Each structure stands twice: as structure tokens, then as C-alpha cells.
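# Observations on chain architecture
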Amino acid sequence: MNPERPSEAGPLLDPEALAQLRALDPLGRHGLLPRVAGLFETSLDSLLPQLDEAERAGDAARIRHVAHTLKSSSASLGALALSRCCAEVERLVRDGQAEGLGPRLGELREELARVRPAVAALGQPPA
């Protein structure tokens, strides 16, 4: 899978954001991009159960914390649609509109399901 492969909605991961990360390790000697992708994956393994538990418990503050964390890390990898979903969840909580979170959290999870394989592909050697 090519994480920068365009789809109808555009690339899954923003080529400019990936180019900025690649510029920090232009020869790939330090494995920066695969390491960042791996850290994102590890973070998801921790954050998604937290999100599920917070949603079950109705803990809007914890939902906002998870969304904020995902917003930043997804933006750094160029998962801009995911970052926007997270920002919307964060905004709803901040504005006291927790009743509207269900559908937004569903969208966040759907976008995450699309992005996760693209991020995982960043850690794979080129085909």
C-alpha cells in the first residue's frame, strides 16, 4: 500500500507532511519515518482503549484528552482528515455538546481504520 496513494478524497497521508519528515532524515539512515510510524501505532494501542472506556463511562474530559493527543500525532504524520475529526470531537467537548459525540467518534474510528494501514506501510521497506 502506498500511503500517499491518491483516493477520491485525496491522499491518505499528506505528501507535504511526509516530505517534511523525510527531510529530517534524507538518506533514511536513522529510520526516522518508520520510527515515527511505529510510535504512532504504539500510541494508538494505548489511546484507543482509553477512548472506548471514556466513551462507555461518559467521561468527556478524557475523550477530549485522547482526541487532542490523536489530533497532534495524526497531523504530524499527514493524516489530516483524521486530525480534523479529532479537532471536531475536541471542539464538541469544549463547547459542552457531548450529546453529539457518538457520530463524530464513529467518524474518527472510520478514518482511523483507513489511515492505520497507510501509517503501518511507512514502517515497511519499499517494494
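Just so it is clear, the structure is predicted and the values come from calculations on it, not from any experiment.

With that settled, the discussion passes to the overall build of the protein chain. When you go through the protein chain residue by residue, the secondary structure sums to 5 helices and 2 strands. For the protein chain, the α and β elements follow one another from N to C terminus as β-β-α-α-α-α-α. Looking at the protein chain as a whole, 36% of its 127 residues qualify as buried. Roughly 7,200 Å² of accessible area belongs to the protein chain as shown, and the carbon and sulfur atoms make up 55% of that amount.

Relative to the helices and strands, Glu99 resides in the loop between helix H4 (80-94) and helix H5 (101-122). Glu99 sits in the exposed class, given a relative accessible area of 67%. Residues Glu99 and Gly58, 41 residues apart in the sequence, show an inter-C-alpha distance of 9.8 Å.

With 22 residues, H5 ought to run about 32 Å at 1.5 Å a step, and its terminal C-alpha atoms sit 31 Å apart, in line with that. Helix geometry: H5 is bent most strongly at Val115, by close to 30°, with proline Pro117 lying one to four residues after it. Turning to H5, its buried residues number three or more, namely Leu101, Leu105, Leu108, Glu111, Leu112, Val115, Ala118, Val119, Ala121 and Leu122. Where H5 is buried, its residues touch helix H1 (15-23), helix H2 (32-57), helix H3 (60-76) and H4.

With 90% of its residues at a pLDDT of at least 70, the protein chain reaches an overall mean of 89. Note that residues 1-9 has pLDDT below 50 and, in this model, 18 contacts with residues that lie over four places away or in other chains.

This brings us to the pattern of salt bridges. Going through the model one piece at a time under the given rule, you end up with 12 salt bridges. The partner of Asp59 in a salt bridge is Arg62, and the shortest N-O contact between them spans 3.9 Å. Looking at Arg62, the relative accessible area reads 31%, which means it is partly exposed.

What counts, and where the lines are drawn
Residues numbered from 1 in each chain as written. Predicted model: local features only at pLDDT ≥ 70, side-chain atom pairs only at ≥ 80, totals over all residues. Heavy atoms only, no water. Helix = DSSP H or I, 4+ residues; strand = E, 2+ residues; numbered from the N terminus. Buried < 20%, exposed > 50% of the residue type's maximum accessible area, 1.4 Å probe, protein only. Areas by Shrake-Rupley, 256 points an atom, 1.4 Å probe, with all protein chains shown as cover. Expected span 1.5 Å × (residues − 1). Bend = angle between axes of the 7 residues up to and from the residue. Contact = heavy atoms within 4.5 Å. pLDDT = per-residue confidence, 0-100. Salt bridge = Lys/Arg side-chain N within 4 Å of Asp/Glu carboxyl O.

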